[in-house]
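Descriptive analysis of the structure
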Amino acid sequence: MNLQGLWVAFTTIIVREVRRFTRIWPQTLLPPAVTMTLYFIIFGNLIGSRIGEMGGYDYMQFIVPGLIMMSVITNSYSNVVSSFFSMKFQRSIEELLVSPVPNWIILAGYVAGGMARGLSIGLIVTVVSLAFTHLSIHNLPMVVITVFLTSALFSLGGFINAMLATKFDDISIVPTFVLTPLTYLGGVFYSIQLLPDFWQGVSMANPILYMVNGFRYGILGVSDVNPFVSLGMILVFITILTAISLRMLARGKGIRH
Amino acid sequence: MTHALEIEGLTKTYSDGFRALRGINLNVREGDFFALLGPNGAGKSTTLGIVCSLVNKSDGRVSVFGHDIDTDLAGAKLNLGVVPQEFNFNQFEKVLDIVTTQAGYYGISLKKARQSAEKYLKKLGLWEKRDSPARMLSGGMKRRLMIARALVHEPRLLILDEPTAGVDIELRRSMWDFLEEMNRQGTTIILTTHYLEEAEAMCRNIAIIDHGEIIRHTSKRDLLKQLSVETFLLDTEEPLESAPSLDGFNCKLDSEGSLEVEVSKGTGLNSLFMELEKQGIKVVSMRTKANRLEELFVRMVEDNAQDAGKVGEVMA
Ligand SMILES: Nc1ncnc2c1ncn2[C@@H]1O[C@H](COP(=O)(O)OP(=O)(O)OP(=O)(O)O)[C@@H](O)[C@H]1O
Ligand SMILES: [Mg+2]
């Protein structure tokens, strides 16, 4: 395929992904808006008003970046894992396998689809948060780059999960037992400076901590870690997961007999 | 002479160790209408799956219009359209979206994709259903949807794995007409089917596969020539108590009381009727028992099973 053909194939995959998650919007777009509103009301307003300051900001202002990031992470991941797994399950993945679309375009298309959902949700949550607090942005490029890269990274994660999954249970194991704990412990709700030294050290091994803090730095200008270290880490993870995904596609495990 | 499909020494061992293909050789000429026949589990879908890269081969060589799938997979795929045995579209997507999306995977721009989708959906009588989700189509419509999807990029070789399974007679015939028309316009067609009538009606060349091996690869005409015995069913005016003994013919009564007579090639039917006349048996109507190819087919597969010492695993 020539360059133009590749581009058409790439956008075709994205369009189909966007069509999917907008078609089922009550499952995809609505829930994060509802849960995040609850988080803002309960943690931000009710409990937050008693907590006072965190990292030099209102508690509400402190958690907004974390909650946006959390929605981006879960939604990017779950979009790709459920879409790709159900393609595998219904075998409509064969539509792609018989076509001349190269593997890297397949991967890029799914990742972009996951990003489309993750970033749309990020935007929705941001808009919702404006009803509770005001946001001023400290460093816009940092905000944009961090959120894009994080979304890409977790889309890749969802892709690998979907490739490995053989039944529907398999697509909820990682989100429930890995992603959610890491996000909650990743400094969404607190600054790790509140923790004893030992647990601070343990928290530093949590990759999500870097993403949440990188993003928080972009918005508020405060962070528990160096934001450039965050970006570097995300890039390294993206490279590794991309290589794994491409290798899995080439071997066709679980999609070709 | 270009071949639409060349297969050489193709083998497949599935991950559970099952040897589904044991060295298949197959050539299909450009413009041919080719049938791949064989009992359940013979390896038809496996062979076609390898050709369209849904199944990884273990060994051997496959090329589509000269594009080897090992060295120029994209070239092979561009020339190929596939209608698989099982429904494999997203049940929730709309008919038109399914077909245009497929065109997009071949790099066809949206505008052209829409035109082509419209053309084939209309030809296959699905245009009115274009906005229905695929799950709301009937079984026959789903088959036709898969045919439209396979044709949207106008492939030179169309592969259909049991395209008419579960399709009623009328629709089956209109599908035959459609495929013959496609073939006349130059599309090479390969199909598998369990309705031998279908192969007999449409195909020019035939391969028979059994237990992962090609046991026959020839033209339909040559195959039919080999048919040495044909079986006829005769309905008599008076019901017969028992089968008469007809000089020179094997006969018996079937479960519905029709007289079943085997006629060897070259004997001719006149002598049969003379014999019946002599015995005072009046025949009201007459038909051939099975479709001719079917008889031959059953016999060949049985022979193959016996050769291989695997009696009992034959197609019913
Ligand atoms: N994924 C798989 N893993 C293991 N064995 C398989 C797999 N797919 C097919 N087989 C086996 O390979 C053999 C050939 O199967 P195939 O689907 O090619 O047969 P077929 O000729 O298409 O039969 P049918 O007429 O029933 O469609 C069968 O014995 C089948 O059980
Ligand atoms: Mg089959």
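All of these numbers come straight from a predicted model, not from anything done at the bench.

Notes on the pattern of salt bridges
Inspection of the entire model under this criterion finds 17 salt bridges over all chains. Among the salt bridges present, the one from Arg19(A) reaches Asp97(B), with a minimum N-O distance of 3.5 Å. Pair noted here: Arg19(A) is in helix 1 (residues 3–23) and Asp97(B) is in helix 3 (residues 95–105), and the two residues belong to different chains. For Arg19(A), a relative accessible area of 24% gives the class partly exposed. By sharing partners, the salt bridges in this structure join Arg19(A), Glu93(B) and Asp97(B) into a single network.

Quick look at the packing of helix 3 (residues 30–51) of chain A against helix 4 (residues 59–90) of chain A
Residues and elements named next belong to chain A. At a minimum axis distance of 10 Å, the contact between helix 3 and helix 4 shows a crossing angle of 155°. Classified by the angle between their axes, helix 3 and helix 4 sit roughly antiparallel to one another. Where helix 3 crosses over helix 4, the two elements pack in a sense that is right-handed. Where helix 3 abuts helix 4, its residues Pro 32, Met 36, Tyr 39, Phe 40, Phe 43, Gly 44, Asn 45, Gly 48 and Ile 51 lie against Tyr 59, Met 60, Ile 63, Val 64, Leu 67, Met 70, Ser 71 and Asn 75.

Overview of the domain arrangement of chain B
According to the domain assignment, chain B contains domain 1 (3–224) and domain 2 (227–292). Each of domain 1 of chain B and domain 2 of chain B was reduced to a C-alpha centroid, and the two centroids are 41 Å apart.

Focus: the site of ligand 1
Close to ligand 1 lie 16 residues; Asn40(B), Gly41(B), Lys44(B), Ser45(B) and Thr46(B) are nearest. Bordering ligand 1 are residues originating from chains A and B. Thr46(B) places a side-chain nitrogen or oxygen 2.5 Å from an oxygen atom of ligand 1. Measuring from an oxygen atom of ligand 1, one finds a side-chain N or O atom of His194(B) at 2.8 Å. Coverage of ligand 1 by the protein chains reaches 71% of its 630 Å² of free accessible surface. Each residue belonging to the shell around ligand 1 can be placed in one class, and the counts come to five nonpolar, eight polar and three charged.

A look at the UniProt feature "transmembrane region" (unreviewed entry) in chain A
All names here are of chain A. Mapped onto this structure's residue numbering, the UniProt feature "transmembrane region" (unreviewed entry) falls at residues 29–47, 59–78, 104–131, 143–165, 171–192 and 228–250. Counted over residues 143–165, helix gives 96% and strand 0%. Its end C-alpha atoms are 33 Å apart. Helix makes up 64% of residues 171–192 and strand 0%. Its end C-alpha atoms lie 30 Å apart.

Quick word on the packing of aromatic side chains
In total, this model carries 14 aromatic pairs over all chains according to the counting rule given. An angle of 80° between the planes, with centres 5.0 Å apart, marks the rings of Phe198(A) and Trp199(A) as edge-to-face. Following the ring pairs from residue to residue traces out a cluster consisting of Tyr39(A), Phe43(A), Tyr184(A) and Phe189(A). Stacked on the ring of Phe62(A), the Lys or Arg Arg216(A) has its end atom at 3.6 Å from the ring centre. In this structure, Arg156(B) packs its charged tip against the face of Phe65(B), placed 3.8 Å from the ring centre.

Observations concerning the coordination of the magnesium ion (ligand 2)
Under ideal tetrahedral coordination, the four donors around a metal are separated by 109.5 degrees; under ideal octahedral coordination, the six donors are separated by 90 or 180 degrees. Residue and element names in this part refer to chain B. Every protein donor of the magnesium ion (ligand 2) is listed here as Ser 45 (OG) and Gln 85 (OE1), and their distances to the metal cover 1.9 to 2.1 Å. Taken together, the residues span a long stretch of sequence, with Ser 45 in helix 1 (residues 44–51) and Gln 85 in the loop between strand 6 (80–83) and helix 3 at a distance of 40 residues. Judged by relative accessible area, Ser 45 falls into the partly exposed class, the value being 30%.

A few points about the packing of helix 1 of chain A against helix 6 (residues 103–130) of chain A
All names here are of chain A. Running from amino to carboxyl end, helix 1 crosses helix 6 at an angle of 40°, the nearest separation of the two axes being 8 Å. In terms of crossing hand, the pair formed by helix 1 and helix 6 is right-handed. Of the residues in helix 6, those in contact with Leu 6, Ala 9, Phe 10, Ile 13, Ile 14, Arg 16, Glu 17, Val 18, Arg 20 and Phe 21 of helix 1 are Trp 104, Ile 105, Ile 106, Ala 108, Gly 109, Tyr 110, Ala 112, Gly 113, Ala 116, Arg 117 and Ser 120. Split into classes, the residues belonging to the contact of helix 1 with helix 6 amount to 14 nonpolar, three polar and four charged.

A closer look at the interface of chain B and chain A
Contacts between chain B and chain A engage 31 residues on the former and 24 residues on the latter. Between chain B and chain A, the buried area comes to about 2400 Å², and carbon and sulfur atoms account for 52% of it. Broken down residue by residue, the surface that chain B buries against chain A is led by Leu54(B), Asn88(B) and Tyr105(B), which jointly contribute 29%. Inspection of the region where chain B meets chain A yields three salt bridges. For Arg19(A), the salt bridge is made with Glu93(B), and the minimal N-O distance between the two is 3.6 Å. When residues of the side of chain B that touches chain A are traced back to their parent elements, those giving at least two are helix 2 (73–78) and helix 3 of chain B.

Rules used in this analysis
Residues numbered from 1 in each chain as written. Chains lettered and ligands numbered in written order. Predicted model: local features only at pLDDT ≥ 70, side-chain atom pairs only at ≥ 80, totals over all residues. Heavy atoms only, no water. Salt bridge = Lys/Arg side-chain N within 4 Å of Asp/Glu carboxyl O. Helix = DSSP H or I, 4+ residues; strand = E, 2+ residues; numbered from the N terminus. Buried < 20%, exposed > 50% of the residue type's maximum accessible area, 1.4 Å probe, protein only. Axes fitted to C-alpha atoms, helices over the stretch in contact; angles between N-to-C directions. Parallel < 35°, antiparallel > 145°, perpendicular 65-115°, else oblique. Left-handed = near helix turned anticlockwise from the far one by under 90°. Contact = heavy atoms within 4.5 Å. Domains from an automatic or database assignment. Near = heavy atom within 4 Å. Polar contact = N/O pair within 3.5 Å; in protein donor to acceptor, adjacent residues only side chain to side chain. Areas by Shrake-Rupley, 256 points an atom, 1.4 Å probe, with all protein chains shown as cover. Nonpolar A, V, L, I, M, F, W, Y, C, P; charged D, E, K, R; others polar. UniProt positions renumbered as here; feature names shortened; annotations may be inferred. Phe/Tyr/Trp six-rings, centres within 6.5 Å; stacked < 30°, edge-to-face > 60°. Lys NZ or Arg CZ within 6 Å of the ring centre and 35° of its normal. Donors = N, O, S within 2.8 Å, 3.2 Å for Na, K, Ca; no water. Buried area = accessible area lost by both parts, 1.4 Å probe.

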